[in-house]
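Here is what each chain is made of, one letter per residue.
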Amino acid sequence: MSVETKNKTYLNYVNGEWITSLSGEVKTNRNPANTDDVVGSIQLSTKDELGSAVVAAKVAQKKWRNLSGNDRGAYLFKAADILESRLEEVAKCMTREMGKTLPEAKGETARGVAILRYYAGEGLRSEGDVIPSTDPSAIMFTRRAPLGVVGVITPWNFPVAIPLWKMAPALIYGNAVVIKPAQEAAVTCAKVVECLEEAGFPKGVVNLVTGSGSVIGQALTDHPDVSGITFTGSNTVGKGIGQGCLARGAKYQLEMGGKNPVIVAKDADLNLAVDATISGAFRSTGQKCTATSRVIVEAGIYEKFKERLLAKTAEITVGNGLEENIWMGPSASEGQLNTVLHYIEKGKSEGATLLAGGNRLTGGDYDKGYFVEPTIFENVSPDMTIAQEEIFGPVIALIQVNTLEDALQVANNVEFGLSASIFTTNIGHMLSFVEDMEAGLVRVNSESAGVELQAPFGGMKQSSSHSREQGQAAKEFFTSIKTVFVK
Ligand code: TAP
């Protein structure tokens, strides 16, 4: 596989222009599957540069909000066409920058296109209610007002879809945006912003400032002219952002971690349950908030399930996601790999039994990247660290239980509540799971993953600030209700 050694620096996009940061500092991103492969550099910008982007957004938003929804939608439709025409290039960049396989990266980019089109159409949908007044000569109704400038702070694991499922609704409802993507995947996000630039958005409506979270993300959170922050990332960072926004009265939306269970009942379709478990746990190398890292299996089916799970896991091909026939890519960075290895050691030291994997892959091309084996533990008790904390790597904790009631109790016994699945053919089991599972997204006989873009997405408990993204739910965050009384 050829490697790229040219190192282009991607600039900030502020007020319709690509701007060089005065900091002079850059971060170079390399392919985590082959660190000889240079993806590009991003700037480590200064707080003042973030300030300039917010000023530009504030000025631009005043005109942008006065365009009709139809006119705003036209820009989004155009951006969708441009992203679609660059799908191969953007997806390849994503694979090289954060490691997910090319088919997955293409799927994510296609989803970005669909998100843009969905929200483009939202510009013409109804937005308020008519409420009967007790005064017969008055009309009372609600309408939606944009927040103003929205700060968008995103993680590295979905560098196209997450920025777009935040920016597209923000824009269609009349806000201007300043995005700070995760440094680890900021080149891919810069390409998304290039597509928005090419679509001709008025200057200042979309702004990109790259840099560290503690400088640029923090400055965005604290900026008095930023009316709302939409964030996806870790709980630690999310909670800090929430507190910062609360302190100055800004609106915030936090989508954070998960410790998602799969429950396999003894009446489950075994093949379906195994395939979905493998995919939910190991796709994207387990680096997704909906990854299923706890698999809770009823005793009656445990041995058969385990046997088939191990056989299927042994078939997984690990390598550079650009190559055909590779099913699982590397961890996205050395730091991420070390975190996964740390959790594997923790599992061993707390007494879980390692059934498969457990090691960094080495030798040959593996030495150039950050590869880890798909890993399965059994004899995991629900209070062990690997059954409680988000690992963000390809690690399954198998937990055996005697009844479905026990399964539900174990499933709910974590601080997170993002997504959960059950595999069963019994309608009663399905219904009690749907009723009792503490998660924002519950699935029956289907892999734990994101959900279609027209449906609300978000978590309960520590997984989210309880607002929802995507679909019509996005309107709740990106607008404010104005009640109008006309006499
Ligand atoms: P984080 O380390 O939390 O980073 C997320 C973003 O926040 C990055 O852009 C980061 O910047 C920035 N940031 C860091 N410190 C900040 C601060 N003090 N103020 C403002 N912003 C700051 O998460 P990550 O490692 O990129 O992503 C993995 C996490 O995201 C996992 O916990 C995963 O579950 C979660 N996730 C959740 C979802 C949903 S929808 N619930 C989806 C995907 C991922 P830099 O990293 O560039 O410094």
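Residues numbered from 1 in each chain as written. Predicted model: local features only at pLDDT ≥ 70, side-chain atom pairs only at ≥ 80, totals over all residues. Heavy atoms only, no water.

A. Up close: the overall build of the protein. Check the secondary structure of the protein and you find 15 helices and 22 strands. Taken over the C-alpha trace, the protein has a radius of gyration of 23 Å; the compact-globule value for 487 residues is 23 Å, and the two agree within 12%. Here the C-alpha coordinates of the protein stretch approximately 70 × 65 × 40 Å along the principal axes. Classification of the 487 residues of the protein by burial places 58% in the buried group. By sequence separation, contacts in the protein at least 24 residues apart represent 74% of the contacts at least 6 residues apart. Taking the 47 positively charged and 55 negatively charged side chains of the protein as two groups, their mean positions are separated by 7 Å. (Helix = DSSP H or I, 4+ residues; strand = E, 2+ residues; numbered from the N terminus. Rg over C-alpha atoms; globule rule 2.2 N^0.38 Å. Buried < 20%, exposed > 50% of the residue type's maximum accessible area, 1.4 Å probe, protein only. Contact = heavy atoms within 4.5 Å. Lys, Arg positive; Asp, Glu negative; His and termini not counted. Charge placed at Lys NZ, Arg CZ, Asp CG, Glu CD.)

B. Region of the structure containing empty space enclosed by the protein. Overall, the coordinates contain three cavities of 30 Å³ or more when judged by the stated rule. Roughly 70 Å³ of internal volume is contained in the largest cavity. Considering the residues around the largest cavity, the lining is formed by 14 residues, among which Ala291, Ser293, Glu390, Ile391 and Phe392 are closest to the centre. A per-class count over the lining of the largest cavity returns five nonpolar, six polar and three charged. Considered as a void within the structure, the second largest cavity measures approximately 50 Å³ in volume. (1 Å grid on protein atoms, 1.4 Å probe; cavity = no way out; pocket = protein on both sides within 12 Å on 5 of 7 lines; lining within 4 Å. Points joined across faces, edges and corners; volume = space filled by probe spheres on them. Nonpolar A, V, L, I, M, F, W, Y, C, P; charged D, E, K, R; others polar.)

C. Examining the sheet that holds strand S5 (residues 34–43) more closely. Pairing is mixed across the open sheet formed by three strands, whose spatial order is S1-S5-S4. Only two strands of the sheet have a single partner each, and these edge strands are strand S1 (9–10) and strand S4 (26–31). Both S4 and S5 contribute to a ladder of six bridges, which runs antiparallel. Residue pairing in the sheet places Asn29 in a bridge with Gly40 of S5. Sitting on the sheet, helix H6 (residues 186–198) is in contact with S1, S4 and S5, with an inclination near 55° to S5. (Pairing = 2+ DSSP bridges. Axes fitted to C-alpha atoms, helices over the stretch in contact; angles between N-to-C directions.)

D. Spatial organisation of the packing of aromatic side chains. Tallying each qualifying case throughout the model produces nine aromatic pairs. Seen in terms of ring centroids, Trp156 and Phe392 are 5.6 Å apart; in terms of plane orientation they differ by 80°. Their pairing is edge-to-face. Here the residue Trp156 occupies a position in the loop between strand S8 (149–153) and helix H5 (161–172), and Phe392 occupies one in the loop between helix H12 (385–388) and strand S17 (395–401), the gap between them amounting to 236 residues. Residue Phe392 is classed as buried on the basis of its relative accessible area, which comes to 17%. Among the aromatic residues, those joined into a cluster by ring pairs are Trp64, Tyr75 and Phe201. Here the basic side chain of Lys100 rests over the ring of Phe158, its NZ or CZ set 3.8 Å away from the ring centre. (Phe/Tyr/Trp six-rings, centres within 6.5 Å; stacked < 30°, edge-to-face > 60°. Lys NZ or Arg CZ within 6 Å of the ring centre and 35° of its normal.)

E. Representation of the sheet that holds strand S15 (residues 353–356). Here seven strands make up an open sheet; going across it, the order is S15-S16-S17-S14-S13-S19-S20 and the pairing mixed. Both edges of this open sheet fall to S15 and strand S20 (441–444), since each of them pairs with a single strand only. The sheet shows a mean angle of 20° between the axes of neighbouring strands, taken without regard to direction. As paired strands, strand S14 (residues 292–298) and S17 are joined by five bridges and run parallel to one another. When the bridges of S17 are listed, Val295 appears paired with Leu398. Each of strand S13 (260–264), S14, S15, strand S16 (375–378) and S17 is contacted by helix H10 (residues 299–314), which is oriented at about 140° to S14, the strand it contacts most. Sheet strands in contact with helix H14 (residues 427–436) are S13, strand S19 (419–423) and S20, and its direction is about 175° off that of S20.

F. Local environment of the site of the ligand. As a matter of local geometry, the ligand sits amid 30 residues, with Thr154, Gln183, Ser234, Met256 and Glu390 nearest to it. At 2.5 Å from an oxygen atom of the ligand is found a side-chain nitrogen or oxygen belonging to Glu390. Here the ligand, which alone exposes 910 Å², has 86% of that area covered by the protein. Structurally, the ligand is housed in the largest pocket. In terms of residue count, the dominant contributor to the shell around the ligand is helix H7 (residues 213–222) (four residues). A breakdown of the residues in the shell around the ligand according to their chemical character gives 14 nonpolar, 13 polar and three charged. Two domains each donate at least three residues to the shell around the ligand, and these are domain 1 (9–256 + 464–486) and domain 2 (260–451). (Near = heavy atom within 4 Å. Polar contact = N/O pair within 3.5 Å; in protein donor to acceptor, adjacent residues only side chain to side chain. Areas by Shrake-Rupley, 256 points an atom, 1.4 Å probe, with all protein chains shown as cover. Sits in = over half its atoms within 2 Å of the grid points. Domains from an automatic or database assignment.)

G. Broad picture of the UniProt feature "active site" (unreviewed entry) in the protein. The positions that UniProt labels "active site" (unreviewed entry) are, in the present scheme, Glu255. Counting through the fold element by element, Glu255 comes out in strand S12 (residues 251–255). Residue classification places Glu255 among the buried positions, given a relative accessible area of 4%. When sequence neighbours within four positions are dropped, the list of residues in contact with Glu255 reads Phe231, Thr232, Gly233, Phe457, Gly458, Gly459, Ser463, Ser464, Ser467, Arg468 and Glu469. (UniProt positions renumbered as here; feature names shortened; annotations may be inferred.)

H. The layout of surface pockets, seen in detail. Of the pockets and cavities examined, the largest pocket occupies roughly 830 Å³. For the largest pocket, the lining is made up of 37 residues, of which Pro155, Trp156, Gly233, Ser234 and Val237 are closest to its centre. When residues of the lining of the largest pocket are traced back to their parent elements, those giving at least two are H7, strand S11 (228–232), helix H8 (235–248) and helix H11 (334–349). Among the elements that take part in the lining of the largest pocket, H7 stands out by supplying five residues, more than any other. The class makeup of the residues in the lining of the largest pocket is 15 nonpolar, 18 polar and four charged. Here the lining of the largest pocket gathers at least three residues from each of two domains, domain 1 (9–256 + 464–486) and domain 2 (260–451). Estimates place the volume of the second largest pocket at around 450 Å³. Here the residues of the lining of the second largest pocket sort into eight nonpolar, five polar and six charged. Composition of the lining of the second largest pocket by domain shows at least three residues from each of domain 1 (9–256 + 464–486) and domain 2 (260–451).

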